[in-house]
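# Fold and geometry: a report
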Amino acid sequence: MNFCVVCVLAVITWLTRRRLSCSPPCQHPPRGSAAPASVTRVELCPFPGASLLNVRIDPNSISFNMWKEIPVPFYLSVYFFDIVNPSEILQGRKPQVRERGPYVYREFRHKSNITFNDNDTVSFLEYRSYQFQPHKSRGLESDYIVMPNILVLAAALMMENGPISLKLIMTLAFSTLGERAFMNRTVSEIMWGYEDPLLHLINKYFPSMFPFKGKFGLFAELNNSNSGLFTVFTGVQNFSRIHLVDKWNGVSKVNFWHSDQCNMINGTSGQMWAPFMTPESSLEFYSPDACRSMKLVYKEEGVFEGIPTFRFVAPNTLFANGTVYPPNEGFCPCMESGIQNVSTCRFNAPLFLSHPHFYNADPVLAEAVSGLHPNPEEHSLFLDIHPVTGIPMNCSVKLQLNLYIKSVKGIGQTGKIEPVVLPLLWFGESGAMEGETLQTFYTQLVLMPKVLHYAQYVLLALGCVLLLIPVIYQIRNQEKCYLFWSSSKKGSKDKEAIQAYSESLMTSAPKGTVLQEARL
């Protein structure tokens, strides 16, 4: 019995020490603020070994392979705005569009050229490739879409303040090459490129004007290419800087914008974040495609497949203009709030980024184009992050690409087009942890901590029961001894009384008592 008690107490002591050894990192995170009690309670020691070693970028850490080869399947869903009335637009009427899609592509990512540096950083190139998924798409890559001719309309706007003689030459060149303001191309051509005589002409006389050499496509630069050389902190020497970007393509800030704040490279590379998040935390990352850093803010707690998460969303100020949100002044020249001018990092073409259907933008933008219906459920972006590890569980990043078009005097192809920000397409990059990876994650982060959490109380109760059993046994033994002693004592007194009575009968009775005794 005593051996069992000692064993139980030893187990309880071990569990208590394990909990205490795991608690300090959860209670004192590197960010300088404590994690919520609920998170600390549920996410006790999420990784085997209960150590921060497992979330660093280190070949010996558990999460290294997850960082190197992301196990989450990513999908790129593209929606095109098919122009219904191109002829009327040339006559100055309101554009009317029809959304087509989604055209879904499986996105494959892998890191290469991984080099660990002496300053607690690692450099790598991440390559991306896309594969069309017909069974997930609503349409085929052979579908035709009526789109603005970006090369013609962008070149015309860039020449707006040029001499009239040059504009006439451009008009003649467009006519000779058969170029028009709008084009009818397949999804595959718009995405991955098409031969264009105008592009060949530009590359011949202005070889450094466009990065496209051969074919022009909106996603031609992304397929089978990398997003630049990232150098990020590993967290081995300084855990507080884990996953933060040190440099991108060898620079610590870009030069696309007009203020130091807007040119800063902040946050991570957009795949993993520092652990031990709180509702006061934010998600910052640098996006090479948007040529800028972005910040998402906390919205609410949630649960994804049984795993607790924090949901982060884009603030209303993400694409606000400098008038509405002064820190964004460096991204100007600006137009209506809710769209960002990216011409400085896109060969000076009048391209703008926004949320799909101009969600969260000035209502004037959506009202200027028929067929747009902003909807927060369909058009807002979000990231669901496991707060203890900083690993995304579910994400959906949605952006829209727009082209500013207008009539340019002297260039006949632009007709009488009224100034308008015309949406070209919007796309969503989505991914969710699933399959064996999700099951392993759930077991390590949710199931095992809960088992250990409740097991210590079960063992504590069992230990108390085992401790009470010998006490109760001892008490009952003492009661039996007392009862036996009491009965023995009472029996001796009765014997004395009987003996005394017997002796009294044997003695001679006094006179006068014989008759009385007889009567009795």
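Residues numbered from 1 in each chain as written. Predicted model: local features only at pLDDT ≥ 70, side-chain atom pairs only at ≥ 80, totals over all residues. Heavy atoms only, no water.

The chain goes by Scavenger receptor class B member 1 isoform X1 in an unreviewed UniProt entry, where it is assigned to Camelus bactrianus.

### A look at the state of the cysteines
Applying the stated rule across the entire model yields 2 disulfides. The disulfide partner of C291 is C345, and the gap between their sulfur atoms is 2.3 Å. With the S-S dihedral at roughly 90°, the linkage between C291 and C345 falls on the right-handed side. Here the residue C291 occupies a position in the loop between β10 (282-287) and β11 (292-304), and C345 occupies one in the loop between β13 (339-341) and β14 (351-354), the gap between them amounting to 54 residues. A single burial state applies to C291 and to C345, both of which are buried. With a sulfur-sulfur separation of 1.8 Å, C332 is cross-linked through a disulfide to C334. The sign of the -90° torsion about the S-S bond sets the C332-C334 disulfide as left-handed. (Disulfide = S-S within 2.5 Å. Helix = DSSP H or I, 4+ residues; strand = E, 2+ residues; numbered from the N terminus. Buried < 20%, exposed > 50% of the residue type's maximum accessible area, 1.4 Å probe, protein only.)

### As for the side chain of H357
Relative to the assigned elements, H357 resides in the loop between β14 and α10 (363-367). Among the polar contacts made by the side chain of H357, one reaches the side chain of E99 at a distance of 2.6 Å. Ignoring sequence-local partners within four residues, the contact set of H357 consists of F81, E99, A366, G371, L372, H373, P374, H379, Q400 and W426. (Polar contact = N/O pair within 3.5 Å; in protein donor to acceptor, adjacent residues only side chain to side chain. Contact = heavy atoms within 4.5 Å.)

### Regarding the pattern of salt bridges
Oppositely charged side chains may form a pair once their charged atoms are brought near each other. For the structure shown, the criterion picks out 10 salt bridges. Of the charged contacts in the structure, one is a salt bridge between R109 and E429, with a shortest N-O distance of 3.2 Å. With a gap of 320 residues between them, R109 in strand β2 (residues 97-116) and E429 in strand β17 (residues 420-432) connect regions that are remote in the sequence. Salt-bridge contacts for K111 lead to E126; the nearest nitrogen and oxygen are separated by 3.2 Å. In this pair, K111 is assigned in strand β2 and E126 in strand β3 (residues 121-132), connecting sequence segments 15 residues apart. The network of salt bridges with shared partners includes D82, R98 and R100. (Salt bridge = Lys/Arg side-chain N within 4 Å of Asp/Glu carboxyl O.)

### Details of the environment of C332
Residue placement: C332 occurs in the loop between β12 (307-313) and β13. Placed 10 residues apart in sequence, C332 and G322 show a C-alpha to C-alpha distance of 7.0 Å. Setting aside anything within four residues of it in sequence, one finds C332 in contact with H258 and G322.

### Considerations on helix α8 (residues 197-205)
Along α8, the residues that are buried comprise L198, L199, I202 and N203. Around the axis of α8, the buried residues are gathered within 130° of arc, so they sit on the same side. Turned more than 90 degrees away from the buried face of α8 sit K204 and Y205, all of them exposed. Contacts from the buried residues of α8 go to α5 (150-158), α6 (164-177) and β7 (215-216). Near the N-terminus of α8, the side chain that reaches the backbone nitrogen of L198, with its oxygen 2.8 Å away, is that of D196. (Arc of directions from axis to C-beta.)

### A few points about the packing of aromatic side chains
This structure, assessed with the given rule, holds 18 aromatic pairs. On the numbers, 5.7 Å between centres and 85° between planes, the contact of F219 with F427 is edge-to-face. Of this pair, F219 sits in the loop between β7 and β8 (225-233) while F427 sits in strand β17, and the two are 208 residues apart along the sequence. F219 gets classed as buried once you look at its relative accessible area, which sits at 7%. The class for F427 is buried, based on a relative accessible area of 17%. Measuring from ring centre to ring centre gives 5.0 Å for W257 and F331, while their planes differ by 80°; the resulting arrangement is edge-to-face. Of this pair, W257 sits in the loop between β9 (245-248) and α9 (260-263) while F331 is found in the loop between β12 and β13, placing the two residues 74 residues apart along the sequence. When sorted by exposure, W257 lands in the same class as F331, which is buried. (Phe/Tyr/Trp six-rings, centres within 6.5 Å; stacked < 30°, edge-to-face > 60°.)

### Considering unusual backbone geometry
Residue G101 is joined to P102 through a cis peptide bond whose omega torsion reads 10°. Within the secondary structure layout, P102 lies in strand β2. Backbone geometry places N249, a non-glycine residue, at a positive phi of 55°. Its place among the elements puts N249 in the loop between β9 and α9. Positive phi values are uncommon outside glycine, yet E305 reaches one of about 50°.

### What about the confidence of the model for the chain?
Mean pLDDT over the chain works out to 81, with 80% of the residues at or above the 70 mark. Across the chain, the secondary-structure element scoring lowest on mean pLDDT is helix α2 (residues 37-42), at 32, and the one scoring highest is strand β4 (residues 144-148), at 97. Low pLDDT, under 50, characterises residues 512-520; the predicted model gives this stretch 0 contacts beyond four residues in sequence or across chains. (pLDDT = per-residue confidence, 0-100.)

### Overview of α6
With 14 residues, α6 extends 20 Å from end C-alpha to end C-alpha; this agrees with the ideal 20 Å at 1.5 Å per step. Along α6, the residues that are buried comprise K167, M170, T171 and F174. The buried residues of α6 all sit within an arc of 100° when viewed along its axis, so they share a single face. Exposed and facing more than 90 degrees away from the buried side of α6 are L168, I169, L172 and T176. Just downstream of α6 lies G178, where phi reads positive at about 75°. (Expected span 1.5 Å × (residues − 1).)

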